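These are the residues of each chain, in order.
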Amino acid sequence: MDRGPGVPPPPRHQPVGGSRGSSSGSLGAHGSGADGSSEDLHALGKREKVKDKVKRYIAKLSFVEMSVMKATTKIEGPPKEKHTRRLVLESWSHPDTAPAEMVHALSRINLLNSPVVTLKALSTVHELMQRGSPAVLPAVGGWLDHLSLVQSHWDGNGNNANYGLSEVCSPLVVAYARLLAAKSRFHSEHRAFENNYSFDEEAEGRGGGG
């Protein structure tokens, strides 16, 4: 995605502080012109402010937050592999910080409006649980309340008039959230089983199976 001129790549885990320069003087470049009414200039000014605000918001996103945002857009279809793969790799490169940051970023997504966004968020969590570092599983364990909220909200909400796909997707959303919650609880109770269900005998010997 083009972040626009003057916007640097997002940081990896430490959001950049401070504010970025505004696009002052942009209105003067357009001028009033022969057909430029004050209303047109006012609307143009509002658009410039919104664009500048979006640029400053994107510039402050961390690498993980940016990847989560791109993986959970409203565009119909599964999350793009390049975004989920980046998250998986980050979980291995920075196991002490990345999984918790991913869960925090996912917690900021509105999971109660669009079934497309909700399914993409669940798919991203599933991908991380299957392919991410072992640190992902405990982090997702702290996200169980969100999975419960998704189940209770979408169970019976198939007639949401704002989204034509809700009637079809609601049962899938509920089943998917229930599956991920069950997987998370399983790994929490049986820690000798890794994310791909392979068995770690050393963890079992340490009493990790609970």
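For the structure, see preceding data.
The rules we used
Residues numbered from 1 in each chain as written. Predicted model: local features only at pLDDT ≥ 70, side-chain atom pairs only at ≥ 80, totals over all residues. Heavy atoms only, no water. Helix = DSSP H or I, 4+ residues; strand = E, 2+ residues; numbered from the N terminus. Buried < 20%, exposed > 50% of the residue type's maximum accessible area, 1.4 Å probe, protein only. Contact = heavy atoms within 4.5 Å. Axes fitted to C-alpha atoms, helices over the stretch in contact; angles between N-to-C directions. Parallel < 35°, antiparallel > 145°, perpendicular 65-115°, else oblique. Left-handed = near helix turned anticlockwise from the far one by under 90°. Nonpolar A, V, L, I, M, F, W, Y, C, P; charged D, E, K, R; others polar. Phe/Tyr/Trp six-rings, centres within 6.5 Å; stacked < 30°, edge-to-face > 60°. Expected span 1.5 Å × (residues − 1).

Participant: What should I look at first to understand the overall build of the chain in this one?
Facilitator: Tallying secondary structure elements over the chain gives 10 helices and zero strands in all. Secondary structure of the chain in N-to-C order comes out as α-α-α-α-α-α-α-α-α-α. Counting every position in the chain, which comprises 210 residues, the buried fraction comes to 39%. Considering only contacts in the chain between residues 6 or more positions apart, those separated by 24 or more positions represent 65%.

Participant: I tried to follow the packing of helix 6 (residues 115–131) against helix 9 (residues 166–189) on my own but got confused; where do I start?
Facilitator: How two helices sit against one another is set out by the angle between their axes and by the gap between those axes. For the pair helix 6 and helix 9, interaxial distance at closest approach is 10 Å and the crossing angle is 25°. One way to sum up the angle between helix 6 and helix 9 is to call them roughly parallel. Crossing angle aside, the handedness with which helix 6 passes helix 9 is left-handed. Contact with helix 6, carried on its side by P115, T118, L119, L122, S123, V125, H126 and M129, involves S166, C169, L172, V173, Y176, A177, L179, L180, K183 and S184 of helix 9 and no other residues of that element. Classifying every residue of the contact of helix 6 with helix 9 by side-chain character gives 12 nonpolar, five polar and one charged.

Participant: Quick question: what am I supposed to make of the packing of aromatic side chains here?
Facilitator: Any two aromatic rings considered together are summarised by their centre-to-centre distance and by the angle between their planes. Inspection of the entire model under this criterion finds one aromatic pair. Plain terms: the ring middles of F186 and F193 are 5.3 Å apart, the flat faces sit at 55° to each other, and that makes the pair tilted. By relative accessible area, which is 27% here, F186 ends up partly exposed.

Participant: Explanation requested: the environment of R131 in the structure shown.
Facilitator: Along the polypeptide, R131 turns up in helix 6. Filtering out sequence-adjacent residues up to four positions away, R131 remains in contact with V88, W92 and N195.

Participant: Explanation requested: helix 4 (residues 81–93) in the structure shown.
Facilitator: With 13 residues, helix 4 extends 18 Å from end C-alpha to end C-alpha; this agrees with the ideal 18 Å at 1.5 Å per step. Residues of helix 4 that are buried make contact with helix 3 (63–71), helix 5 (98–107), helix 6 and helix 7 (136–141).

Participant: I tried to follow helix 5 on my own but got confused; where do I start?
Facilitator: An α-helical segment advances 3.6 residues per turn. Residues three or four places apart therefore align on the same side. Among the 10 residues that make up helix 5, seven are buried, leaving the element largely enclosed by the rest of the structure. In this structure, the buried side of helix 5 is in contact with helix 3, helix 4, helix 6 and helix 7.

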